[in-house]
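Spelled out from the first residue to the last, the chains are:
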Amino acid sequence: GQSLEQPSEVTAVEGAIVQINCTYQTSGFYGLSWYQQHDGGAPTFLSYNALDGLEETGRFSSFLSRSDSYGYLLLQELQMKDSASYFCAVSATNKLIFGTGTLLAVQP
Amino acid sequence: DGGITQSPKYLFRKEGQNVTLSCEQNLNHDAMYWYRQDPGQGLRLIYYSQIVNDFQKGDIAEGYSVSREKKESFPLTVTSAQKNPTAFYLCASSTSGTEETQYFGPGTRLLVL
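As the structure is a prediction and not an experimental result, all values here were calculated from the model. (Residues numbered from 1 in each chain as written. Chains lettered and ligands numbered in written order. Predicted model: local features only at pLDDT ≥ 70, side-chain atom pairs only at ≥ 80, totals over all residues. Heavy atoms only, no water.)

Observations regarding the nonpolar core
Cut-off, in case you're wondering: Within this scheme, the nonpolar core is defined by two criteria: the residues are buried Ala, Val, Leu, Ile, Met, Phe, Trp, Tyr or Cys, and they are joined through side-chain atoms within 4.5 Å. For the exposure calls, accessible area comes from a 1.4 Å probe over protein chains only, and a residue counts as buried if that area is under 20% of its type's maximum, exposed if over 50%, partly exposed in between. Comment: elements are numbered from the N terminus, with helices defined as DSSP H or I runs of at least four residues and strands as E runs of at least two.
A:Leu32, A:Trp34, A:Leu75, A:Tyr86 and A:Leu104 are the most contacted members of the largest nonpolar core, which has 24 residues in total. For this core, the secondary-structure elements that each account for two or more residues are β2 (9-13), β3 (18-25), β4 (31-37), β7 (60-65), β8 (70-75), β9 (84-92) and β11 (102-107) of chain A. Per-element accounting of this core gives the leading share, five residues, to β9(A). Among the nonpolar cores identified, the runner-up in size contains 20 residues, and B:Met32, B:Trp34, B:Ile60 and B:Leu76 belong to it.

So, in structure tokens, the structure goes:
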């Protein structure tokens, strides 16, 4: 079968760094994506890793280890507006498979 | 402006009624998708389409139907066979089926009266 696991909730303070982990079991793996969804809104694409290593995009970075079936999203210099749900998603054949999401609460 | 639109924003369904959710994109994307999201949950794939006049079932297709007569449009019908339809429905599109970046519409919230 196909499954993704990520923590259900994470809390951090403004200005801090937080890491959201994602482990997966799937066939036909092409890469790992991360999406952000604010309450009541649509998911928006953050990053994608097809190869092992770290990808950096501004305050956000994403890491992938294909051998460990593991990845993470790193958010630096947290801001209040980063409070949202974050989903990892595996690119399989012709579709994405989403995790259940991590609710990040940023406190002042 | 290019984008993906969904209508209506809120939809109410009576028992035994079929309802259709609209999804339109002007991004010239080949692939389109429908997801269902329940409170506090992830996105579950209902149907997807890689090309006009072709579509495949996702993980939770029972009680739903779709059509893809035009590249820009991918409407979803929630039939009376779907016994628990209350959810947030999201439509997405991508350049191709292997594209990792999907662009989402604003969603339709379906409620049962």
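Having seen the model, we can carry on.
Topic: a nonpolar patch on the surface
Short version of the rule: Patch construction takes residues with relative accessible area above 30% that form no salt bridge. Like charges are linked within 9 Å, and nonpolar side chains (Val, Leu, Ile, Met, Phe, Trp, Tyr) are linked within 5 Å. Exposure was quantified through the Shrake-Rupley algorithm and a 1.4 Å probe, taking into account, for residues, occlusion by the shown protein chains and nothing else. In the sections that follow, a salt bridge refers to a side-chain nitrogen of Lys or Arg positioned within 4 Å of a carboxyl oxygen of Asp or Glu.
A contiguous nonpolar surface patch, about 420 Å² in accessible area, is contributed by B:Tyr10, B:Phe12, B:Leu111 and B:Leu113. Counting through the fold element by element, B:Tyr10 comes out in strand β2 (residues 10-13).

Digging into the side chain of B:Asp38
Residue and element names in this part refer to chain B. Stated precisely, the cut-off is as follows: A 3.5 Å cut-off defines polar contacts: any pair of N or O atoms within that distance qualifies, except that in protein one atom must be a possible hydrogen donor and the other a possible acceptor, and neighbouring residues in sequence count only when both atoms are side-chain atoms. A contact between two residues is defined here by any heavy atoms of the two lying within 4.5 Å.
With respect to the helices, strands and loops of the structure, Asp 38 is situated in the loop between β4 (31-37) and β5 (43-51). With relative accessibility at 16%, the residue Asp 38 sits in the buried group. Of note is the side chain of Asp 38, whose polar atom sits 2.8 Å from the side chain of Arg 44. Sequence-distant contacts of Asp 38, that is, excluding residues within four places in its chain, are made with Arg 44, Thr 86 and Ala 87.

Details of the interface of chain B and chain A
Interfaces are often described in size by the accessible area the parts lose on coming together. Under the convention used in this document: Reported buried area values correspond to the accessible surface (1.4 Å probe) lost by two parts on association, with both partners' losses combined.
Between chain B and chain A, the contact holds 22 residues from the first and 17 residues from the second. Here chain B meets chain A over a buried area of about 1500 Å², counting both sides, of which 57% is carbon and sulfur. Summed over the shared surface of chain B and chain A, the result is zero salt bridges. Secondary structure elements with two or more residues in the side of chain B that touches chain A: β4, β5 and β9 (87-94) of chain B. Among the elements that make up the side of chain B that touches chain A, the one with the highest residue count is β5(B) (four residues).

A few points about the layout of surface pockets
Cut-off, in case you're wondering: With a 1 Å grid spanning the protein atoms alone, the term cavity applies to any set of points in which a 1.4 Å probe fits but cannot get out, the term pocket to an open set with protein on both sides within 12 Å along at least five of seven lines, and the term lining residue to any residue with an atom within 4 Å of a point. Grid points are joined across faces, edges and corners, and a volume is the space filled by probe spheres set on the points. Note on residue classes: Ala, Val, Leu, Ile, Met, Phe, Trp, Tyr, Cys and Pro are nonpolar, Asp, Glu, Lys and Arg are charged, and everything else, Gly too, is polar.
Here the largest pocket defines a volume of roughly 460 Å³. In terms of lining, the largest pocket is formed by 24 residues, of which the most central are A:Asp39, B:Gln37, B:Asp38, B:Pro39 and B:Gly40. Where the lining of the largest pocket is concerned, the elements lending two or more residues are β9 and β11 of chain A together with β9 and β11 (108-112) of chain B. Classifying every residue of the lining of the largest pocket gives eight nonpolar, 12 polar and four charged. A volume near 270 Å³ is recorded for the second largest pocket. As for the second largest pocket, its lining consists of 16 residues, and the residues nearest its centre are A:Ile97, A:Phe98, B:Leu43, B:Arg44 and B:Asp59. Where the lining of the second largest pocket is concerned, the elements lending two or more residues are β1 (3-5) and β10 (95-98) of chain A together with β5 of chain B. Sort the elements by how many residues they give to the lining of the second largest pocket and β10(A) lands first, with four residues. Among the residues making up the lining of the second largest pocket, the classes are represented as six nonpolar, six polar and four charged.

Examining the packing of aromatic side chains
Note the threshold: In this scheme Phe, Tyr and Trp rings, the latter by its six-membered ring, pair at centre separations within 6.5 Å, and the angle between planes marks the pair as stacked below 30 degrees, edge-to-face above 60, and tilted otherwise. Criterion for a charge above a ring: Lys NZ or Arg CZ within 6 Å of the ring centre, and within 35 degrees of the ring normal.
In total, this model carries 14 aromatic pairs over all chains according to the counting rule given. Judged by centre distance (5.7 Å) and plane angle (40°), the ring pair of B:Tyr35 and B:Phe104 falls under tilted. Of the two residues, B:Tyr35 sits in strand β4 while B:Phe104 sits in strand β10 (residues 103-104), which places them 69 residues apart along the sequence. Put simply, the rings of A:Tyr35, A:Phe45, A:Phe98, B:Tyr33, B:Tyr35, B:Tyr48 and B:Phe104 touch in pairs and so form one group of aromatic residues. The aromatic ring of B:Phe74 is capped on one face by B:Arg68, whose charged end is 6.0 Å from the ring centroid.

Some remarks on the pattern of salt bridges
All told, the structure shown has four salt bridges over all chains when counted by the stated rule. Where A:Arg59 meets A:Asp82, a salt bridge forms, and the shortest distance between an N and an O atom there is 2.8 Å. Within this pair, whereas A:Arg59 is found in the loop between β6 (53-57) and β7, its partner A:Asp82 is found in the loop between β8 and β9, the two being separated by 23 residues in sequence. For the pair formed by A:Arg59 and A:Asp82, the shared burial category is buried. B:Arg44 is paired through a salt bridge with B:Asp38; the nearest N and O atoms lie 2.8 Å apart. The network of salt bridges with common partners includes B:Arg36, B:Asp38 and B:Arg44.

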